[in-house]
Amino acid sequence: MSVCDLIKKSEVKDLLDRVIPPYQRMLRVPIRVAPRGGRSTLTGTAFDYALRFELQRRFPSACDRGWVAESVLRVLNAGLSVAPVDRPLMARIVRRAHRRVDNARVFVRKHLRRKNPDRAWMGRLAEHALRLARLDPIYRVGYIGDELFAENSPQQIDELLDLLACVPFDGLIGTEILLNPTFGRYSSLVGGADADLVIDHRLIDIKVTAEPNVEREMVRQLIVYLILVHCARNDGEPLPPIQLMQLYFARHGHLWSMPAEPIFTHPAYAEIQRVILQIAGRIWRQQG
């Protein structure tokens, strides 16, 4: 069960809504990169990889906790040993997935040493990001789809490059930059959850939506991440205290912010945190 699944449950929504302060839902910011017909989930995941690689190049101190695509390899290796049918096909999938991740790692090491990458080089980065993104659903939802080894189109490459071109990197500078950090033992409660970015005391979630609307579901998701960070810190995980929650609207190059203090200091926060973890734990035991 993922964080997105958890916040769709009516009892969880009701709990989270009690601590959400008033905020402006509709943002008046123009779209800079329009969708070009591809799957939005694939574009979003690929942009997450591409942004991570570029942040590492620009800020060498950024801490990379590993890729979901690398976790996919462990899932595939485990599945190969118990696959009831078509073992030769599964073996070919495993070999190709390993090669894809290995090739991406080699490229990223070169990218981190690149001073001024041109558009052709960045196009290669986008290719690797899309290929890795096609692997992620195997880990997230256990799905091996027809698009797993599909070719990337020029439109998909250009869209990722345009999304990267409008990133306000000056607004993503920090002393401590954590790329897709996890939450210790609490990640396993919600499908191996990880945040997109933690920069100093900011928790940032990336959205590649066409409309720059701060939907309530997005804020609920941020608060669950906030709870997971808080609990993981109490366990001794190396995560900073969060003071600001942010949504980065990638198609608009816009960072939206909400302070965390009104949520932490809400009289009902402690009880809401306890009950939500209890609900997540119950579902995790049922599914396990």
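Here, the structure is the one placed above.
Let us look at the structure shown here. Throughout this document, residue positions are counted from 1 along each chain, in the order its sequence is written. Owing to the predicted nature of the model, reporting of local features is limited to residues with pLDDT of at least 70; listing and counting of side-chain atom pairs is limited to 80 or more, with chain, interface and lining totals taken over all residues. To get the side-chain values, take all heavy atoms of the structure and skip hydrogens and water.

Observations regarding the overall build of the chain
We apply this condition: Counting from the N terminus, the helices are DSSP H or I runs at least four residues long and the strands are E runs at least two residues long. Based on C-alpha atoms, the radius of gyration is set beside the globule rule, defined as 2.2 Å times the residue count to the power 0.38. For each residue, the accessible area found with a 1.4 Å probe, counting protein chains only, is set against the maximum for its type, and the residue is called buried under 20%, exposed over 50%, and partly exposed in between. The contact criterion used is simple: two residues touch if any of their non-hydrogen atoms lie within 4.5 Å. All accessibility values rest on the Shrake-Rupley procedure with a 1.4 Å probe; residue burial counts only the protein chains present in the view. Counted as positive: Lys and Arg. Counted as negative: Asp and Glu. His and the chain ends are not counted at all. One atom stands in for each charge, and that atom is NZ of Lys, CZ of Arg, CG of Asp or CD of Glu.
If you tally the helices and strands in the chain, you get ten helices and six strands. Here the C-alpha atoms of the chain give a radius of gyration of 19 Å, agreeing with the 19 Å that 2.2 N^0.38 yields for 288 residues. Taking all 288 residues of the chain together, the buried fraction comes to 51%. Long-range pairs, those at least 24 residues apart, make up 75% of the contacts in the chain with a sequence separation of at least 6. For the chain, the accessible surface area stands at approximately 13900 Å², while carbon and sulfur atoms represent 51% of it. Put simply, the chain has 41 plus and 32 minus side-chain charges, and the middle of one group is 3 Å from the middle of the other.

Points about the nonpolar core
Going by this rule: Nonpolar core, defined: a set of buried Ala, Val, Leu, Ile, Met, Phe, Trp, Tyr and Cys residues in which side-chain atoms within 4.5 Å join the residues together.
The biggest cluster of nonpolar side chains holds 54 residues, and the ones touching the most others in it are F47, Y49, L51 and W67. When residues of this core are traced back to their parent elements, those giving at least two are α3 (40-58), α4 (68-82), α5 (87-112), α6 (119-141), α7 (154-165), β2 (177-179), β3 (197-199) and β4 (202-207). No other element matches α6, which puts ten residues into this core. Other than its neighbours up to four places away in sequence, F47 contacts L160, L163, L164, V167, I206, V208, Y248 and A250.

Some points on the sheet that holds strand β6 (residues 254-259)
How we decide: DSSP bridges decide pairing: two strands pair if at least two such bridges lie between them. Only the stretch in contact is used when fitting a helix axis, every axis being a line fitted to C-alpha atoms; angles between N-to-C directions are given from 0 to 180 degrees.
Read across the open sheet, the six strands follow the order β1-β2-β3-β4-β5-β6; overall the sheet is mixed. The open sheet is flanked by β1 (63-64) and β6, the only strands paired with a single partner. On the sheet, helix α8 (residues 216-234) packs against β4, β5 (244-249) and β6 and is oriented at approximately 140° with respect to β4.

Topic: the packing of aromatic side chains
For any pair of aromatic rings, the description consists of the separation of the ring centres together with the inter-plane angle of the planes. So the rule is basically this: Between 30 and 60 degrees the pair is tilted, below 30 it is stacked and above 60 it is edge-to-face, where a pair is any two Phe, Tyr or Trp rings, Trp via its six-membered ring, whose centres lie within 6.5 Å.
One pass over the structure, following the stated rule, counts eight aromatic pairs. With a centroid separation of 6.2 Å and 80° between ring planes, the pair formed by Y49 and W67 is classed as edge-to-face. Placement of the pair is Y49 in helix α3 and W67 in the loop between β1 and α4, with a sequence separation of 18 residues. Taken individually, Y49 and W67 each receive the classification buried, so the pair is uniform in this respect. Plain terms: the ring middles of F53 and W67 are 5.4 Å apart, the flat faces sit at 50° to each other, and that makes the pair tilted. Of this pair, F53 sits in helix α3 while W67 sits in the loop between β1 and α4; the two residues are 14 residues apart in sequence, bridging distant segments of the chain.

Here we look at the pattern of salt bridges
What counts, and what does not: By salt bridge we mean one thing: a side-chain nitrogen of Lys or Arg within 4 Å of a carboxyl oxygen of Asp or Glu.
This model, assessed by the stated rule, comprises 17 salt bridges. A salt bridge links R220 to D17, with the shortest nitrogen-to-oxygen separation between them at 2.9 Å. Of this pair, R220 sits in helix α8 while D17 is found in helix α2 (residues 10-17), placing the two residues 203 residues apart along the sequence. Residue R220 is classed as buried on the basis of its relative accessible area of 11%. Classification of D17 by relative accessible area gives partly exposed; the value is 23%. Residue R251 pairs with E159 through a salt bridge whose shortest N-O separation is 2.6 Å. Here R251, found in the loop between β5 and β6, pairs with E159, found in helix α7; they are 92 residues apart in sequence, far enough to count as distant.

Observations regarding α2
Selection criterion: Picture the helix axis, draw a direction to every C-beta atom, and the arc is the one those directions span.
When we look at burial in α2, the residues that qualify are V12, L15 and L16. Buried residues along α2 cover an arc of 95° about the axis, so they all sit on one side. The exposed set on the far side of α2, more than 90 degrees from its buried face, consists of S10 and D14.

A word on the pairing of β5
The test is simple: With the strands aimed away from the viewer, a crossover counts as right-handed if its path from the first strand over the helix to the second runs clockwise.
Here β5 lies mainly inside the structure; five of its six residues are buried. Note: β4 against β5, six bridges, orientation parallel. Bridge assignment links K207 to a residue of β5, and that residue is F249. Note that the unit made of β4, α8 and β5 has a crossover that is right-handed. Relative to β6, β5 runs antiparallel, the two being bridged by six bridges. Residue M245 lies in a different strand from β6, and its bridge partner there is M258.

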